[in-house]
Amino acid sequence: MQPNNFIVLEAGDTSFILSCEIGGRPQIVYWGPRLERTDPQLLVKLATRQHAHGSADEEASGTLLNEIGVGTLAPPGFSAHRSGENWAASFHVESITQPSPQSVEIACADRVADIKATHTISLDAQSEILTCGTIIENVGDRPVALEWCAACVFPIDARLTEITGFSGRWANEFQTEKVPIFLGSYVRENRRGRTSHDCFPGLIIEEVCTSEQSGACVGFHLGWSGNSRIRVDQLSDGRQFAQLGELLLPGEQMLASGERYQTPALYAGYSHVGRTALSQKFQNHVRHQVLNDRLGGKVRPVHFNTWEAVYFDHDEEKLTELAEVAADVGVERFILDDGWFGGRRSDAAGLGDWQVSKSVYPNGLSNIIKRVNDLGMEFGIWMEPEMVNPDSDLFRAHPGWILGIEGLPQISSRGQYVLDLTRADVFDHIFSAIDAILSDHNIGYVKWDMNRDIHHPESRAKPAAHAQSLAVYRLMDKVRAAHPDIEIEACASGGGRADYGVLEYADRIWTSDSNDALDRQIIQRGASHFFPLEILGAHVGPQKCHITGRRLSMELRVATAFFGHMGLELNLLTEALNEIEILKAGIALHKAHRSLIHSGEYVRLDTPSDVNAFGVVSEDMDEALFSYCLMTGHRETLPGRIRFAGLNSEKDYRIKIIWPEPVPVRTAPSIVNELDLGGEGAIVSGEALMQFGIQAPLVYPETCIIYHVLEQ
Ligand code: DGJ
């Protein structure tokens, strides 16, 4: 049967077409470059398939959930039952509403199984990102055991054959991992109870030939800070589907009569001109929809974070000295990291006791906060509200307040347990503790940490990973409601809680605990597929990185932190004086270009593997910055030309190298003298910079150069 009702959502360059009629099954017909002159009915005809021997007489078309009852035999996007009955749902459309031309709500039901599935899909007019979700409701009398519900199942065009997943580990997040789609299933499951370092809930699927500036690709991200599942399935009939959703633990969603389950939001984008354009869509969506311009244009201040400077060795005098040097080099916000409270003299004790430690701060925090404020800086503070150490007053008083499985020993991680925030008494206690600290002090910023996986997420004999994730959101929300000017940084041992779900409540992400600039080049490049630069915390660390042991120049460390929400995390009192001067110059340069870095269009460049290069271009293409980092030695004696992207071919630009100073070119004469790149620079057309490129100077490995490009 051919459908005759279509929902067409259009924005900018994108069309999204659903066939959807009352009594039928909703299906995605098209998602791609905008179609101006094509009748959707024709698309359905053009996609006519036929019977193949050995197959069902009539092929079942995929739906928004590929439910078992539909009969595609594809891994379903929905799985539920009632004590073994009603196990093969098949949803039919009951009503279609379009709250706006950009969005649709499709209410479906299976009237035999007595389950409703309501899909919401919207295409953002500005970013062209689709946001999809599904609500499942038990409309029968007996409970429904919901095992799985994807936010939406997307058919994937057959020419998109390459999957890029995002893997990693602590201190090495956002690593890209490319695999070809194969006949079978690509499945990634995150069971850590937080977004995770190793299984970021996002992926890109592209053509073999897709590059940063050309070729088709689609990207998906699940906005959720808990367990997740991603799967891409290719069927033997040639069709392929992608689905993302929350991974539910056994029995986690037992829907009583009338109860509902709502999937996390799935964000999806399309580009036919390469990966960079896809990233720009996701980044714009975060800027304007997820964060919703919450900070109202407030600049992102340069941070000083005390962690790698002092760890647990808090001393008011030393911290005051650090604050003085920090202010002198240009820092604008001073963040007191772990170690200021309770018995927290190491990571083995104190979590849960959110009172200022009298032994370390006999006068409370007011003195140091006042000094920081007098130096012209805001004050921020570290907390890890979801956790408790067994060695803490809180745990001694309430040993039963933690998540854990009855009869199984607690699994401790970093010497800590997870508080059961799904309980009202625990939630209220922790909220009051945070509220007291924020009410009693002039604090504008909270680094909200979460330093362990949740191995045994059980509360009151039931699985509670889902409820715990929601409770964390509620807690953040309540803190923000009580303290509307507070900014929150989402941190989970670095980038273990980086997703659009938490960004509804947080303003910044601590991208990684690794401040190794070379590692950071790759980590930040990976994160840029989904996140704009201004929310990615990027710190200048010590000369010898505490995590990798690698020694890197101050110039490279500055150039790397320059393209993020810049901060410092090193002992300024022990750094060499000349390095401090370089740092100071780097911070001043960052501030001079901060508004461009934090608002421009991000462009990744295709380069040989020994180079990482990208840029930020202003909206009207009159100014840009490009970063060229030679990570390791190149194979050939000389590097090649750098081809920029994102500029206007019609415009002429003055190009200069603005960092480091002087340009560390190894031999002369060179392109640097020829074009006076370290001085006045040269005028070059956008066309030449993009189509022909500019010779990269010969520099030592581990050197990062920043080009400034300004319209003439
Ligand atoms: C993990 C974070 O990622 C670090 O930056 C630091 O805040 C420590 N926790 C403190 O315990």
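Since the model is a prediction, treat every value here as computed from it, not as a measurement. (Residues numbered from 1 in each chain as written. Predicted model: local features only at pLDDT ≥ 70, side-chain atom pairs only at ≥ 80, totals over all residues. Heavy atoms only, no water.)

Peer 1: Go over the overall build of the chain, please, and point to the residues and values.
Peer 2: Along the chain, the regular secondary structure elements total 13 helices and 39 strands. Taking 712 residues into account, the globule formula puts the C-alpha radius of gyration at 27 Å, and the chain, at 27 Å, falls close to it. The buried share of the chain, taken over its 712 residues, is 60%. Summed over all atoms, the accessible surface of the chain reaches about 27,000 Å², with 50% contributed by carbon and sulfur. Between the centroid of the 62 positive side chains of the chain and the centroid of its 95 negative side chains there is a distance of 2 Å. (Helix = DSSP H or I, 4+ residues; strand = E, 2+ residues; numbered from the N terminus. Rg over C-alpha atoms; globule rule 2.2 N^0.38 Å. Buried < 20%, exposed > 50% of the residue type's maximum accessible area, 1.4 Å probe, protein only. Areas by Shrake-Rupley, 256 points an atom, 1.4 Å probe, with all protein chains shown as cover. Lys, Arg positive; Asp, Glu negative; His and termini not counted. Charge placed at Lys NZ, Arg CZ, Asp CG, Glu CD.)

Peer 1: Lay out the site of the ligand with the relevant residues and their values.
Peer 2: Around the ligand, a shell composed of 13 residues is seen, among which D337, D338, K447, D449 and D513 lie nearest. Within the side chain of D449, an N or O atom sits 2.7 Å from a nitrogen atom of the ligand. Taking W510, its side chain carries an N or O atom lying 3.4 Å from an oxygen atom of the ligand. Isolated, the ligand exposes 290 Å² of accessible area, and the fraction of that covered by the protein chains is 98%. Looking at the shell around the ligand residue by residue, the class counts come to four nonpolar, three polar and six charged. (Near = heavy atom within 4 Å. Polar contact = N/O pair within 3.5 Å; in protein donor to acceptor, adjacent residues only side chain to side chain. Nonpolar A, V, L, I, M, F, W, Y, C, P; charged D, E, K, R; others polar.)

Peer 1: Before we move on, can you summarise the nonpolar core with the specific residues and values?
Peer 2: F78, F154, I205, F220, W340 and L568 are the most contacted members of the largest nonpolar core, which has 153 residues in total. In terms of residues, this core owes the most to one element, helix α7 (residues 424-440), which gives eight residues. Those residues in contact with F78, other than ones at most four positions away along the chain, are L65, E67, I68, A89, F91, I115, I136, L146, W148 and C149. (Core = buried A, V, L, I, M, F, W, Y, C linked by side-chain atoms within 4.5 Å. Contact = heavy atoms within 4.5 Å.)

Peer 1: Please provide a residue-by-residue account of the packing of helix α10 (residues 554-561) against helix α11 (residues 577-597), values included.
Peer 2: Contact geometry for α10 and α11: axes closest at 10 Å, N-to-C directions at 25 degrees. Between α10 and α11, the angle falls in the class roughly parallel. The two elements α10 and α11 cross, and the hand of that crossing is right-handed. Residues M554, E555, R557 and V558 of α10 pack against E579, I582, L583 and G586 of α11. Its residues assigned to classes, the contact of α10 with α11 shows four nonpolar, one polar and three charged. (Axes fitted to C-alpha atoms, helices over the stretch in contact; angles between N-to-C directions. Parallel < 35°, antiparallel > 145°, perpendicular 65-115°, else oblique. Left-handed = near helix turned anticlockwise from the far one by under 90°.)

Peer 1: Describe the pairing of strand β7 (residues 115-123), listing the residues and the values that go with them.
Peer 2: Note: strand β6 (residues 103-110) against β7, eight bridges, orientation antiparallel. Considered in β7, the bridge of A107 is made with T118. Connecting β6 to the antiparallel partner β7 that follows it, the hairpin turn spans four residues, and D114 within it adopts a positive phi of roughly 60 degrees. If you look at the hairpin formed by β7 and strand β8 (residues 130-138), you'll find six residues sitting between the two strands, and E128 has a positive phi there, around 65 degrees. (Pairing = 2+ DSSP bridges.)

Peer 1: Any chance you could break down the state of the cysteines for me, citing the residues and the numbers?
Peer 2: Put plainly, two cysteines are in a disulfide when a covalent bond ties their sulfur atoms together. Inspection of the entire model under this criterion finds zero disulfides. The thiol sulfur of C149 is not disulfide-bonded, and the nearest other cysteine sulfur, from C152, lies at 9.7 Å. What makes C149 buried here is its relative accessible area of 0%. Left without a disulfide partner, C152 is nearest to the cysteine sulfur of C132, which lies 4.6 Å away. Exposure remark for C152: the relative accessible area of 1% places this residue in the buried category. (Disulfide = S-S within 2.5 Å.)

Peer 1: A description of the sheet that holds strand β20 (residues 303-305) should follow, citing residues and the corresponding values.
Peer 2: By definition, the strands of a sheet pair up through backbone hydrogen bonds, in either a parallel or an antiparallel sense. Around the barrel, which closes on itself, the eight strands sit in the order β20-β21-β22-β25-β28-β29-β30-β31 with parallel pairing between neighbours. The sheet shows a mean angle of 30 degrees between the axes of neighbouring strands, taken without regard to direction. Two strands pair when backbone bridges link them, and strand β22 (residues 378-383) and strand β25 (residues 445-448) are joined in this way by four bridges, in the parallel orientation. For G380, the partnering residue across the bridge sits in β25 and is Y445. The sheet strands contacting α10 are β30 (536-540) and β31 (565-568), and the helix crosses β30 at an angle near 165 degrees.

Peer 1: Give me the lowdown on the side chain of E575, citing residues and values where you can.
Peer 2: Locating E575 in the fold gives a position in the loop between β31 and α11. It turns out E575 is buried and unbridged, and the closest side chain with the opposite charge, R557, is 4.2 Å from it. Those residues in contact with E575 that lie beyond four places of it in its chain are P542, Q543, M554, R557, L570 and I580. (Salt bridge = Lys/Arg side-chain N within 4 Å of Asp/Glu carboxyl O.)

Peer 1: Report on the sheet that holds strand β34 (residues 623-630), specifying residues and quantitative values.
Peer 2: Overall, antiparallel pairing links the six strands, which are arranged β32-β33-β34-β39-β36-β37 in an open sheet. With partners counted over all chains shown, the strands left at the sheet margins are β32 (601-604) and β37 (682-685), one partner each. Adjacent strand axes in the sheet meet at a mean angle of 25 degrees when their direction is disregarded. Of the pairings in the sheet, the one linking β34 to strand β39 (residues 703-711) comprises eight bridges and is antiparallel in character. By the bridge assignment, L630 is partnered in β39 with T703.

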